[in-house]
Amino acid sequence: MKKAGVALLVVLLSACAGVPVSTDYALDYDFAAISTFAWLPAPTPDAKGRAKDASLDNDLVRERVLDAVDAELAAKGLSLAAEGVQPSVLVTYHLGKEDKVNFNSFGSWYTHFAYYPCYYCDYQPGYGRGYFGHGHFYDDDIWVRSYEESSLMIDIIDPATKKLVWRGTSKRVMPSLTTPEERRQYIRETVAAVLAKFPPAAPVAH
């Protein structure tokens, strides 16, 4: 069992290394003083009553995110505040999903190269598939790729001032997730990558 746990940790660390993350935070906030946290209530529908994306806003997704964040913060030495006791910080998250289209033109970029990966092109006598010598072939090739981009934003808020003191954000290409375990693992990897940046490193004294 211990070996399996170590293997899972290695897999998670490897996955986290490839997840893009950006952060922003208050430079004057004492992050070293944080010892406990509590969750803000789940967001309510906005004033205009717009429907939420059911694939992002449901009990299953929320439970996976909360479990992943709880585990990551616990690993950093933070604990859930006891009921009725003010926590050091409040935590909330935001999930998003956006359709994206990526255009790649290989017209002039590959003109002076010996080959490019034109896997759909017809075989040319005297050349291997995908190899077109030094001439100008398919100068107007444009490859179009449609995909979904998922985003996770984790906010850390000061309970006394209600001000945001830290924010970590990740945006990734959304893979095809077909099972509950795949969805849980994807959320866990993303949360681990975002919270790997929390708390921020103390500024170096000059």
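Quick look at the structure, then. (Residues numbered from 1 in each chain as written. Predicted model: local features only at pLDDT ≥ 70, side-chain atom pairs only at ≥ 80, totals over all residues. Heavy atoms only, no water.)

**A look at the overall build of the protein**
Part 1: The helix and strand tally for the protein stands at three helices and six strands.
Part 2: Starting at the N terminus and walking to the C terminus, you meet the elements of the protein as α-β-β-α-β-β-β-β-α.
Part 3: Across the 206 residues of the protein, 31% fall into the buried class.
Part 4: Sequence-distant contacts in the protein: of pairs separated by 6 or more residues, those separated by 24 or more amount to 72%.
Part 5: For the protein, the computed accessible surface area is about 13700 Å², with 58% contributed by carbon and sulfur atoms. (Helix = DSSP H or I, 4+ residues; strand = E, 2+ residues; numbered from the N terminus. Buried < 20%, exposed > 50% of the residue type's maximum accessible area, 1.4 Å probe, protein only. Contact = heavy atoms within 4.5 Å. Areas by Shrake-Rupley, 256 points an atom, 1.4 Å probe, with all protein chains shown as cover.)

**Looking at the pattern of salt bridges**
Part 1: Counting across every chain of the model gives three salt bridges.
Part 2: Glu-189 is the partner of Arg-172 in a salt bridge, and the nearest nitrogen-oxygen pair spans 3.8 Å. Of this pair, Arg-172 sits in strand E6 (residues 164-173) while Glu-189 sits in helix H3 (residues 180-195), placing them 17 residues apart in sequence. Of the two residues, Arg-172 and Glu-189, both sit in the buried class. (Salt bridge = Lys/Arg side-chain N within 4 Å of Asp/Glu carboxyl O.)

**Overview of unusual backbone geometry**
Part 1: In this chain, Phe-198 is followed by Pro-199 through a cis amide linkage whose omega measures -10°.
Part 2: Of note in this structure, Lys-162 is not a glycine but carries a positive phi near 60°.
Part 3: Along the chain, Lys-162 turns up in the loop between strand E5 (142-157) and E6.
Part 4: Using a relative accessible area of 59% as the deciding quantity, one classes Lys-162 as exposed.

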